Amino acid sequence: MPYPVLNDDDRIVVETARDFARKRLAPHSLEWDATKHFPVEEMVEAASLGMAAIYTREDVGGSGLRRIDGVRIFEELSKADPVTAAFLSIHNMCTWMVDTYGTDEQRKRFVPKMASMEFMASYCLTEPGAGSDAAALSTSARRDGDEWVLRGSKQFISGGGVSDVYVVMARTGDAGARGISTFVVERDTPGLSFGPAEAKMGWHNQPTAQVVFDDVRVQADAMLGGADGEGTGFSIAMNGLNGGRLNIAACSLGGAQAAYDAALKYVADRHAFGAPLIDEPTIRATIAEMAMNLEASRLMLWRAAEAVDSGDPDKVELCAMAKRFVTEHCFTIADQALQLHGGYGYLHETGVEKIVRDLRVNRILEGTNEIMRMVIGRAEAARVTKEKTR
């Protein structure tokens, strides 16, 4: 596939995200990290520019853009602050899920407010006892007349206790993936509560908490898909994660690019043994490797995004490849950037150590990178089997 060339419309999308990120996120990123400030005002402003419903349909307030536009937007946002970009990624995933799988009534009720971020959204799949094995989740939803009664808990939920709506996967049937359904639960629903904010290695300016369902009663129309939605929740969750994996990889790419740019400037300006550091062959070799992996990451990510946009039959595998490759290599790039800064890289004020901390979790989010290897291996094995049977 040839390297995509940005046309005028593409450039407008990228430049809008870049300008917003430089003016509204970058100047405050380190302060937000230090004070654990969740930048709601700035995210609402991002929503006014169409960044809370990027690939959601326009009839309910979405931007109607493509996945490739999304990854470019998240790369620009994460150059300024990977954490705020990551929350917007999760919010976009939830918005898309309601838009794609909701009934007309659900779409009209929730999506316009999610698109404006009047309603912030959280994705609730992971549980204390069911992380990578998501199909084994135990949070239950029991039918009681015209209501569903939810009981259980979700773990590591970004925006937990702060978000207004929670897109929740719960068990409505037998064990396994086919017994799972998806619900939209509002924050003020009786029985819904939240654990304390988790103390984390990174992502300090984004709250993360357990979400607890203690006989939470929701109307039957809270289930995504309406009357036909029962048992479709796992598929909805996994399809949402395809986009989530692209977006979180884009957040790693943007963070790594920012760290690389800082390191390149540092080694060009810093002198040792009578010459700029960048003249040292080993430094140049490291810079070359970093630049190469940034370029490879961008190509792989754009390829996967276009596969989702075009409905490529290999899109799941390509998203898994991109997520694993980009998050692994971009974390390494950020770590190399810190190393190139020497002791200064370990200081908060340089911003590089924050990027390292913030990118580390992306190798776990939206399916761990070990699970990505399983997804890729399964797809490759299925391809060989199919070819043998022809």
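Relevant structure appears above.
Residues numbered from 1 in each chain as written. Predicted model: local features only at pLDDT ≥ 70, side-chain atom pairs only at ≥ 80, totals over all residues. Heavy atoms only, no water.

(A) Seen up close, the environment of serine 48. Relative to the helices and strands, serine 48 resides in helix α3 (residues 40-48). Given a relative accessible area of 59%, serine 48 falls into the exposed group. Considered as a pair, serine 48 and alanine 115 are 67 residues apart in the sequence and their alpha carbons are 8.4 Å apart. A distance of 2.5 Å separates a polar atom in the side chain of serine 48 from the backbone oxygen of glutamate 45. (Helix = DSSP H or I, 4+ residues; strand = E, 2+ residues; numbered from the N terminus. Buried < 20%, exposed > 50% of the residue type's maximum accessible area, 1.4 Å probe, protein only. Polar contact = N/O pair within 3.5 Å; in protein donor to acceptor, adjacent residues only side chain to side chain.)

(B) Seen up close, the side chain of asparagine 369. Of note, asparagine 369 is situated in helix α11 (residues 369-388). Among the polar contacts listed, one links the side chain of asparagine 369 to the side chain of threonine 327, at a separation of 3.0 Å. Apart from residues no more than four positions distant in its own chain, asparagine 369 is found in contact with Lys323, Arg324, Thr327, Glu328 and Arg363. (Contact = heavy atoms within 4.5 Å.)

(C) The arrangement of the packing of helix α9 (residues 315-340) against helix α10 (residues 352-360) in detail. Here α9 crosses α10 at 160°, and the two axes come no closer than 9 Å. As summarised for this structure, α9 and α10 are arranged roughly antiparallel, according to the angle between their axes. When you trace α9 past α10, the crossing you get is left-handed. Where α9 approaches α10, its residues Cys330, Phe331, Ala334, Asp335, Ala337 and Leu338 are matched on the opposing element by Val352, Glu353, Ile355, Val356, Leu359 and Arg360. Looking at the contact of α9 with α10, its residues break down into 9 nonpolar, no polar and 3 charged. (Axes fitted to C-alpha atoms, helices over the stretch in contact; angles between N-to-C directions. Parallel < 35°, antiparallel > 145°, perpendicular 65-115°, else oblique. Left-handed = near helix turned anticlockwise from the far one by under 90°. Nonpolar A, V, L, I, M, F, W, Y, C, P; charged D, E, K, R; others polar.)

(D) Inspection of the pairing of strand β2 (residues 140-144) at higher detail. In terms of strand pairing, β2 meets strand β3 (residues 147-158) through 5 bridges, oriented antiparallel. Within β3, the position partnered with serine 140 by the bridge is arginine 151. Hairpin connection, β2 to β3: the antiparallel pair is bridged by 2 residues, and glycine 145 has positive phi, about 65°. (Pairing = 2+ DSSP bridges.)

(E) Structural detail: the nonpolar core. In terms of nonpolar packing, the biggest core is built from 95 residues, with Leu77, Tyr123 and Leu301 touching the most fellow members. When residues in this core are grouped by element, the largest group, 17 residues, is from helix α7 (residues 233-269). Not counting the four nearest positions on each side in its chain, leucine 301 is found in contact with Val71, Leu246, Ala249, Ala250, Leu253, Ala322 and Val326. Of all hydrophobic cores here, the second largest spans 17 residues; its members include Trp148, Val211, Ala222 and Met223. (Core = buried A, V, L, I, M, F, W, Y, C linked by side-chain atoms within 4.5 Å.)

(F) Local environment of the pattern of salt bridges. Applying the stated criterion across every chain yields a total of 32 salt bridges. Here glutamate 76 ties to arginine 18 by a salt bridge, and the two come within 3.1 Å at their closest N and O atoms. Of this pair, glutamate 76 sits in helix α4 (residues 67-80) while arginine 18 sits in helix α1 (residues 8-25), and the two are 58 residues apart along the sequence. Exposure remark for glutamate 76: the relative accessible area of 6% places this residue in the buried category. (Salt bridge = Lys/Arg side-chain N within 4 Å of Asp/Glu carboxyl O.)

(G) Summary view of the side chain of threonine 182. Topologically, threonine 182 is positioned in strand β5 (residues 180-186). A distance of 3.4 Å separates the side chain of threonine 182 from the backbone oxygen of glycine 233, its partner in a polar contact. If we skip the residues at most four places from it in the chain, threonine 182 touches Val167, Val168, Met169, Ala222, Met223, Leu224, Gly233 and Ile236.

(H) Summary view of the packing of α4 against α7. At a minimum axis distance of 7 Å, the contact between α4 and α7 shows a crossing angle of 35°. When you trace α4 past α7, the crossing you get is right-handed. In contact with Arg67, Val71, Phe74, Glu75, Ser78 and Lys79 of α4, α7 contributes Gly243, Leu246, Asn247, Ala250, Cys251, Leu253, Gly254, Gly255, Gln257 and Ala258. Its residues assigned to classes, the contact of α4 with α7 shows 7 nonpolar, 6 polar and 3 charged.

(I) Inspection of the packing of aromatic side chains at higher detail. Inspection of the entire model under this criterion finds 5 aromatic pairs. Arranged with centres 5.1 Å apart and planes meeting at 85°, the rings of phenylalanine 38 and phenylalanine 87 form a pair that is edge-to-face. Here phenylalanine 38, found in the loop between α2 (29-35) and α3, pairs with phenylalanine 87, found in helix α5 (residues 82-101); they are 49 residues apart in sequence, far enough to count as distant. One exposure class covers both phenylalanine 38 and phenylalanine 87, and it is buried. Ring geometry for tyrosine 166 and phenylalanine 194: centres 5.4 Å apart, planes at 35°, overall tilted. Here tyrosine 166, found in strand β4 (residues 165-171), pairs with phenylalanine 194, found in strand β6 (residues 192-194); they are 28 residues apart in sequence, far enough to count as distant. Between arginine 67 and the ring centre of tryptophan 96, over which it is positioned, the NZ or CZ distance is 4.7 Å. Of note, arginine 72 hangs over the ring of tryptophan 302, and the distance from its end group to the ring centre comes to 4.3 Å. (Phe/Tyr/Trp six-rings, centres within 6.5 Å; stacked < 30°, edge-to-face > 60°. Lys NZ or Arg CZ within 6 Å of the ring centre and 35° of its normal.)

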